[in-house]
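Fold and contact review
Each chain, letter by letter, is given below.
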Amino acid sequence: MKGTTRIAIDVPAVEQLFTTFDPSPFHAHNLNRPIAHYIVSEAWDAPRGDGFVIDLSEAGRPADRATAARLQTAVDVHFGRLATTEHQNLRRLLKRGAVSLMIGLVVLAACTALAQAVDSAPIRDGLREGLRDGISLFGWVANWRPAEILLYDWWPVRRLRNLYRRLAAAEVVPAGGPSLGAEPMISWSPSAGLRRDP
């Protein structure tokens, strides 16, 4: 059953949620990087199927709906952009893995054929065995990188992409309400950074 993970954020002033300067072409409602980093770090350990709700307060009081809407736009744009980037990275990685695998299999087939030719060649036994084993080993080593990509490298990228997609779909609401309960609030300021209040 799908649950909800709540991330509570409290800032002294709402403008600290957003960047004041960004050379990128995305100037409207850019999310402040320390805030974005904190949101990702809090979301990382949440159950995989959970959705996210960001409870926003300003100076210890629930933010107004207009402020929550501004943050909602920034979260949508910021994490949507990151999700798109990670999706492109995943596609490129899998394509590189497939191409590398094809090259590796061709090299392995050529090395196997060459090793068989060396095995039947009129060469001194010790030298023949060394050449045959070296050629065979090279053929298998040529497949190490595609195996690493297709077995291990792709799934962390996929997990990050999916996390960004879930965060892009997060709902931003003014803090408060019985569902928050005793959850700690998160304070952030330019001088102190992010800290958890008792």
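The structure reproduced in this document is the subject of the present report. A quick note: this is a predicted structure, and the numbers were derived from the prediction, not measured. (Residues numbered from 1 in each chain as written. Predicted model: local features only at pLDDT ≥ 70, side-chain atom pairs only at ≥ 80, totals over all residues. Heavy atoms only, no water.)

**Looking at a nonpolar patch on the surface**
- On the surface, L94, L101, L105 and L150 cluster together to form a nonpolar patch covering roughly 290 Å² of accessible area.
- Top contributing element to the nonpolar patch by residue count: helix α2 (residues 65–119), with three residues.
- Within the fold, L101 resides in helix α2.
- Of the residues examined, L101 reaches a relative accessible area of 33% and is grouped as partly exposed. (Patch = residues over 30% accessible without salt bridge, like charges linked within 9 Å, V, L, I, M, F, W, Y side chains within 5 Å. Areas by Shrake-Rupley, 256 points an atom, 1.4 Å probe, with all protein chains shown as cover. Salt bridge = Lys/Arg side-chain N within 4 Å of Asp/Glu carboxyl O. Helix = DSSP H or I, 4+ residues; strand = E, 2+ residues; numbered from the N terminus. Buried < 20%, exposed > 50% of the residue type's maximum accessible area, 1.4 Å probe, protein only.)

**Structural notes on the nonpolar core**
- The biggest cluster of nonpolar side chains holds 30 residues, and the ones touching the most others in it are I9, L17, L31, I39, L71 and F79.
- Mapped onto this core, the elements with two or more residues apiece are β1 (4–11), α1 (33–44), β2 (51–58), α2 and α4 (144–168).
- Among all residues touching I39, those that are not within four sequence positions of it are I7, I9, L31, I54, F79 and L167. (Core = buried A, V, L, I, M, F, W, Y, C linked by side-chain atoms within 4.5 Å. Contact = heavy atoms within 4.5 Å.)

**Quick look at the packing of aromatic side chains**
- All chains considered together, the criterion is met by one aromatic pair.
- The ring of W44 carries the charged tip of R159 above its face, separated from the ring centre by 3.9 Å. (Phe/Tyr/Trp six-rings, centres within 6.5 Å; stacked < 30°, edge-to-face > 60°. Lys NZ or Arg CZ within 6 Å of the ring centre and 35° of its normal.)

**What about helix α3 (residues 125–141)?**
- End to end, α3 covers 24 Å across 17 residues, agreeing with the expected 24 Å (1.5 Å per residue, within 8%).
- Every buried residue of α3 is accounted for by R128, I135 and G139. End-on, the buried residues of α3 take up no more than an arc of 40°, which puts them together on one face. Exposed residues lying more than 90 degrees from the buried face of α3 are L137 and W140. (Expected span 1.5 Å × (residues − 1). Arc of directions from axis to C-beta.)

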